[in-house]
2 protein chains.
Amino acid sequence: MPASSIRARVRAEMIDEIKAVARRHLATDGANLSLRAVARDMGMVSSAIYRYVPSRDDLLTALILEAYDGLGDAVEAADGSTERHDLRGRWHAVCRAARDWAITHPAEYALLYGSPVPGYAAPEDTVLPAQRPPLTLVGILRDGLADGLLTVPADDLPEPVHADLAELADAFFPGLPTALLARGMAGWTQLFGLISFELFGRLNQTIAHRDGYFDHQVGLMADLIGLPRPE
Amino acid sequence: MPASSIRARVRAEMIDEIKAVARRHLATDGANLSLRAVARDMGMVSSAIYRYVPSRDDLLTALILEAYDGLGDAVEAADGSTERHDLRGRWHAVCRAARDWAITHPAEYALLYGSPVPGYAAPEDTVLPAQRPPLTLVGILRDGLADGLLTVPADDLPEPVHADLAELADAFFPGLPTALLARGMAGWTQLFGLISFELFGRLNQTIAHRDGYFDHQVGLMADLIGLPRPE
DNA sequence: CAAAATAGAGAGCACTGCTCTTGACGAATG
DNA sequence: CATTCGTCAAGAGCAGTGCTCTCTATTTTG
């Protein structure tokens, strides 16, 4: 039935255009984006938007999902195109990819990692895409350990924390020592902090050379983790 | 003229109550707080609020300023009540104080460190209060260096970044080596990341023992900086 | 071709920030 | 003491928001 599929195709294109316009509005208006404004931009009346999008929150959720996917793709691509044994190179590549994505998509980054909207609860489908960047980072440590390129730091974790991390390791990286996982999460936390500080203006009038500062800070975390320096 | 001052006092009390009600609303409604709702809670009509508060953004700015002051007070108090030579103890105390304040004031924390509202530009008076926590942290390093308790790490900063940090050091901590300042800022970035991840739900279903996890991560950064461990 | 599904338009409800006008009250002054 | 004057609160109103409902026109389907 090509008749039905032409309808469906037009409909899908409409939804895509709504998302594109919404993304554009996001850049200027932030999280408080207006369906009416999107409708105006498309030459529609506001109520017609609801034929394609169930609600404003659903539209935001769709944008969030696509943003997570975009960030995850960028991060994993950067990791994949670096030589596996070059742990430090991979670490830097992944961090830079995340930062580059954030700088080119500041509104989406704020949507993902800014303050959560009080009423809004993240749907179940966002939790897995959200884990791709940290999983990529820790994956570098797993590979390094498997290839004998990493020394496992002493495990001085208090017992309950050790148990939490052991459970987390079992779920994603079976056999990964908790002390290493803890350092990987420290690196992920730092990466988020670095990007957020830069994007949210905390470095204004302070750090002019953002690229070099970022690389240096990322390198500090690589030191903390124990990623071997190239000769 | 006591007549005029009784007017002024009642007026000040009104403004204080408006702020208090607004703070309460903040906890449930987040940054999109409604002046009309505040007015309703006070038994006023919405337009009457504008006798005391110029606009919604001004009210938010006032709350932000008070929040920065509260956090700064908590952080500096924790630092001041720890023995000066116990660098690691001070580091942990300051970080814990910041986290405790954030946990007891989650909405205010989100206001300070969440995604910035697109239209809203932070007024000039917020920049100094905002620097109190990082200055307190780096102050620990300055003291440790002055007392000969810290070894200065090798300075492998690229020249432009070194210049940025040198200028920053000159402004607040004359003579502080840039390599140390960079590590201090790494610690501050990590502290922000740790608190944000915990408050914004990124640790849900992952880390159950938040206190121990936080302390361990803070300790990792103390290691990176080179704060001496107690015997 | 008739019936059913769909798209768009318009009106309307409850809410928001904010402005302007009007009436009332208290305080300072002639 | 009586009269201005400044302040306060209230109400109406404007432009905007998310969202729902109804009505009409068009398109797809049986």
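Refer to the structure above for everything that follows.
Residues numbered from 1 in each chain as written. Chains lettered and ligands numbered in written order. Predicted model: local features only at pLDDT ≥ 70, side-chain atom pairs only at ≥ 80, totals over all residues. Heavy atoms only, no water.

Enquirer: Outline the nonpolar core, listing residues and values.
Expert: Among the nonpolar cores identified, the biggest contains 139 residues, and A:Trp91, A:Leu165, B:Trp91 and B:Leu165 are the most heavily contacted of them. Setting aside its immediate chain neighbours within four residues, A:Trp91 contacts A:Leu137, A:Ile140, A:Gly184, A:Gly187, A:Val218, A:Met221, A:Ala222, A:Ile225 and A:Leu227. (Core = buried A, V, L, I, M, F, W, Y, C linked by side-chain atoms within 4.5 Å. Buried < 20%, exposed > 50% of the residue type's maximum accessible area, 1.4 Å probe, protein only. Contact = heavy atoms within 4.5 Å.)

Enquirer: How would you summarise the relation of the copies chain B and chain A if you had to cite specific residues and measurements?
Expert: The operation relating chain B to chain A is a screw motion whose rotation component is 180 degrees, with 0.0 Å of axial translation and a residual RMSD of 0.1 Å. The superposition operator between the copies reduces to a two-fold rotation axis. Most of the interface of chain B is mirrored in chain A: 98% of its interface residues are interface residues there too. (Least-squares fit on C-alpha atoms with pLDDT ≥ 70 in both.)

Enquirer: Residue-level account of the pattern of salt bridges, with values.
Expert: The final tally for this structure, using the stated rule, is 38 salt bridges over all chains. In this structure, the salt-bridge partner of A:Asp143 is A:Arg84, at a minimum N-O distance of 3.8 Å. Residue A:Asp143 is located in helix H8 (residues 132-146), and its partner A:Arg84 is located in the loop between helix H4 (56-80) and helix H5 (87-104); the two are separated by 59 residues in the primary sequence. When its relative accessible area of 39% is taken as the criterion, A:Arg84 is described as partly exposed. Here A:Asp156 ties to B:Arg229 by a salt bridge, and the two come within 3.9 Å at their closest N and O atoms. Of this pair, A:Asp156 sits in the loop between H8 and helix H9 (159-172) while B:Arg229 sits in the segment after helix H11 (210-225), on two different chains. Taking the relative accessible area as the measure of exposure, B:Arg229 reaches 47% and is therefore partly exposed. If you follow the salt bridges from partner to partner, you end up with A:Asp79, A:Arg84, A:Arg90, A:Arg142, A:Asp143 and A:Asp147 in one network. (Salt bridge = Lys/Arg side-chain N within 4 Å of Asp/Glu carboxyl O. Helix = DSSP H or I, 4+ residues; strand = E, 2+ residues; numbered from the N terminus.)

Enquirer: I'd like a rundown of unusual backbone geometry, residues and numbers included.
Expert: All names here are of chain A. Phi angles above zero are rare outside glycine, and Gln-205 is one such case at about 55 degrees. The topology assignment puts Gln-205 in the loop between helix H10 (178-199) and helix H11 (210-225). Gln-205 sits in the exposed class, given a relative accessible area of 83%.

Enquirer: With reference to specific residues and values, describe helix H8 (residues 132-146) of chain B.
Expert: Residues and elements named next belong to chain B. Along its 15 residues, H8 runs 20 Å from first to last C-alpha, staying within 8% of the 21 Å computed at 1.5 Å per residue. Across the 15 residues of H8, eleven count as buried, placing the element largely inside the fold. Inspection of H8 places Arg-132, Pro-133, Pro-134, Thr-136, Leu-137, Val-138, Gly-139, Ile-140, Leu-141, Asp-143 and Gly-144 among the buried residues, and these make up the whole buried set. On the buried face of H8, the contacting elements are helix H4 (56-80), helix H5 (87-104), helix H6 (106-113), helix H7 (127-130), helix H10 (178-199) and H11. With its phi angle positive at about 70 degrees, Gly-148 sits one or two positions after the end of H8. (Expected span 1.5 Å × (residues − 1).)

Enquirer: Please set out the packing of aromatic side chains residue by residue, giving values where relevant.
Expert: Aromatic ring pairs are reported here in terms of the distance separating the ring centres and the angle at which the planes meet. Going through the model one piece at a time under the given rule, you end up with 15 aromatic pairs over all chains. On the basis of an interplanar angle of 85 degrees and a centroid distance of 6.3 Å, the ring pair of A:Tyr68 and A:Tyr113 is categorised as edge-to-face. In this pair, A:Tyr68 sits in helix H4 while A:Tyr113 sits in helix H6 (residues 106-113), placing the two residues 45 residues apart along the sequence. Taken as a pair, A:Tyr68 and A:Tyr113 share a single burial class, namely buried. Centroid distance B:Tyr113 to B:Trp188: 6.1 Å. Interplanar angle 70 degrees. Geometry classified as edge-to-face. Remark: B:Trp188 occurs in helix H10 and B:Tyr113 occurs in helix H6; sequence separation between them is 75 residues. Note on accessibility: B:Tyr113 and B:Trp188 belong to one class, buried. Across from the ring centre of A:Phe214, 5.0 Å away, lies the NZ or CZ of A:Arg99, which sits over that ring. (Phe/Tyr/Trp six-rings, centres within 6.5 Å; stacked < 30°, edge-to-face > 60°. Lys NZ or Arg CZ within 6 Å of the ring centre and 35° of its normal.)

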